[in-house]
Amino acid sequence: MDVFKTHVGEGKALMINEENFYLATRERKPYVVDSGGVKSFYAVCPECDNPIQLIGLLRRQQDSLPHRPYGRHIGHDVPGVAVYDEDAYLSCPFSDPGYWRTDRKRKPSNPTGQALYRIMRDRFDRVEYAWRESSGLLLGIKSLRRALTVWRNDKGWLNYGSTYHNLPQMLFFGLPPGNPVWAMRVEELAARFPFGRRGRNILGAFGILRFVPTDQDLAFR
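What comes next concerns the included structure. (Residues numbered from 1 in each chain as written. Predicted model: local features only at pLDDT ≥ 70, side-chain atom pairs only at ≥ 80, totals over all residues. Heavy atoms only, no water.)

**Details of the nonpolar core**
For clarity, the threshold we go by: To qualify as a nonpolar core, a set must consist of buried Ala, Val, Leu, Ile, Met, Phe, Trp, Tyr and Cys residues joined through side-chain atoms within 4.5 Å. Relative accessible area decides the class of each residue, using a 1.4 Å probe on protein chains only: under 20% of the type maximum gives buried, over 50% gives exposed, and in between gives partly exposed. Each helix is a run of DSSP H or I of at least 4 residues and each strand a run of E of at least 2, with the numbering of both proceeding from the N terminus. Every residue pair with non-hydrogen atoms within 4.5 Å of one another is taken to be in contact.
Counting 23 residues, the largest nonpolar core has Phe4, Phe21, Phe41, Ile52 and Leu54 as its most contacted members. For this core, the element with the most residues is strand 4 (residues 38-44), which contributes four residues. Discounting chain neighbours no more than four positions away, the residues touching Phe21 are Phe4, Arg26, Glu27, Tyr31, Val32, Phe41, Tyr42, Leu54 and Leu57. Counting 17 residues, the second-largest nonpolar core is a separate cluster that includes Ala115, Phe124, Leu158 and Phe172.

**What about empty space enclosed by the protein?**
Put simply, the rule is: Definitions used for this entry: grid spacing 1 Å over protein atoms alone; cavity, a set of points where a 1.4 Å probe fits but cannot get out; pocket, an open set with protein on both sides within 12 Å along at least 5 of 7 lines; lining residue, one with an atom within 4 Å of a point. Grid points are joined across faces, edges and corners, and a volume is the space filled by probe spheres set on the points. Side-chain classes are defined by residue name, with Ala, Val, Leu, Ile, Met, Phe, Trp, Tyr, Cys and Pro counting as nonpolar, Asp, Glu, Lys and Arg as charged, and the others, Gly among them, as polar.
Applying the stated rule across the entire model yields two cavities of 30 Å³ or more. Lining of the largest cavity is provided by Glu47, Cys48, Ala88, Ser91, Cys92, Arg106, Tyr160, Ser162 and Thr163. For the second largest cavity, the full set of lining residues is Phe124, Val127, Glu128, Trp131, Leu144, Pro168, Leu171 and Phe172. Ranked by residue count, the leading element in the lining of the second largest cavity is helix 4 (residues 124-135), at four residues. The class makeup of the residues in the lining of the second largest cavity is seven nonpolar, no polar and one charged.

**Observations regarding helix 5 (residues 141-153)**
For clarity, the threshold we go by: In this scheme, a helix's expected span is set at 1.5 Å multiplied by one less than its residue total. What the arc covers is the set of directions going from the helix axis to the C-beta atoms.
In this model, helix 5 (13 residues) spans 18 Å end to end at C-alpha, consistent with the 18 Å of a helix rising 1.5 Å per residue. Taken residue by residue, helix 5 has Ser143, Leu144, Ala147 and Trp151 as its buried positions. When helix 5 is viewed along its axis, its buried side chains cluster within an angular range of 100 degrees and face the same direction. Seen from the buried face of helix 5, the exposed residues on the opposite side, beyond 90 degrees, are Lys142, Arg145 and Asn153. Elements that come into contact with the buried residues of helix 5 comprise helix 3 (111-122), helix 4 and helix 6 (167-170).

**Regarding the packing of aromatic side chains**
Rules: Stacked, tilted and edge-to-face pairs are distinguished by plane angle, under 30 degrees for stacked and over 60 for edge-to-face with tilted covering the rest, among Phe, Tyr and Trp rings (Trp via its six-membered ring) whose centres lie within 6.5 Å.
According to the stated counting rule, one finds five aromatic pairs in the structure shown. On the numbers, 6.3 Å between centres and 45 degrees between planes, the contact of Tyr84 with Tyr89 is tilted. Since its relative accessible area comes to 26%, Tyr89 is described here as partly exposed. On the basis of an interplanar angle of 65 degrees and a centroid distance of 4.7 Å, the ring pair of Tyr117 and Trp157 is categorised as edge-to-face. You can see Tyr117 sitting in helix 3 and its partner Trp157 sitting in the loop between helix 5 and helix 6, a full 40 residues away along the chain.

**Let's talk about the pattern of salt bridges**
Threshold: Salt bridges are defined as contacts in which a side-chain nitrogen from Lys or Arg sits within 4 Å of a carboxyl oxygen from Asp or Glu.
The full count for this structure, using the stated rule, is three salt bridges. Across the pair Arg121 and Asp122 runs a salt bridge whose closest N-O atoms are separated by 2.7 Å. Using a relative accessible area of 49% as the deciding quantity, one classes Asp122 as partly exposed. The partner of Arg132 in a salt bridge is Glu128, with the nearest N and O atoms 2.8 Å apart. Placement of both Arg132 and Glu128 in helix 4 is noted, with a separation of four residues, approximately one turn of the helix. A relative accessible area of 24% means that Arg132 is categorised as partly exposed.

**A word on the pairing of strand 6 (residues 70-73)**
Heads up, the rule is: The rule for pairing is simple: two strands pair if DSSP sees at least two bridges between them.
Side chains of strand 6 alternate between two faces, with Gly71 and His73 buried and Tyr70 and Arg72 left unburied. With four bridges joining them, strand 5 (residues 51-55) and strand 6 adopt antiparallel strand pairing. Looking at strand 6, one finds that Ile52 is bridged to His73.

**Some remarks on the state of the cysteines**
The criterion, for reference: Count a disulfide wherever a pair of cysteine sulfur atoms falls within 2.5 Å.
Going through the model one piece at a time under the given rule, you end up with zero disulfides. As a non-bridged cysteine, Cys48 has Cys45 as the owner of its nearest cysteine sulfur, 3.6 Å distant. Here Cys92 stays free of any disulfide, with the sulfur of Cys45 as its closest cysteine sulfur at 3.7 Å.

**Let's talk about the environment of Lys29**
Tracing the sequence through the fold places Lys29 in the loop between helix 1 (18-25) and strand 3 (32-35). On the basis of relative accessible area, Lys29 is assigned to the exposed category, the value being 74%. With 13 residues separating them in the primary sequence, Lys29 and Tyr42 have C-alpha atoms 9.4 Å apart.

As structure tokens, this is what we get:
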């Protein structure tokens, strides 16, 4: 991975480079561990909140084989940084994008799940904005309220498939087939809102949405 963050529960991510790491951590403990004169640099995975180690962060390091610093998951706790969660790791798109963990749920006390719940509760306007920007679709108030109610009732924040960067998509994951929120004329939308007009869509990590054209109209606002 080429991004990191410094605190569990944050939704932001920084590019991995020496300057960003220094500004975020001042290169102090617990993010830097000196063992016999050899420094190791740690941070948090922006997707699964697990600890990661930053490799090749300093230009003078010889183990930076790709010539660019990168982050990799580590299978143990890093005190003061993050606690390792095996299920979160297996569900992380940075560990295996093709893997989909369905048999386990986050515990109610899980800090990632709690953070996702707070984002959806306190910053739903930003979630809706991210959805609109990534998809080009404007959904009516009733459709948004219906989707949010289903997400809350299903406790979607406990789903390991939900991450900080795909909340807009996961908001609609639990809706049953044929729900009015999917009732849209795809041809008209394609002409009005070019999909992916902003290039790389970091919010579509799992590509789970399926749009079914019908004869019904969706209320645009």
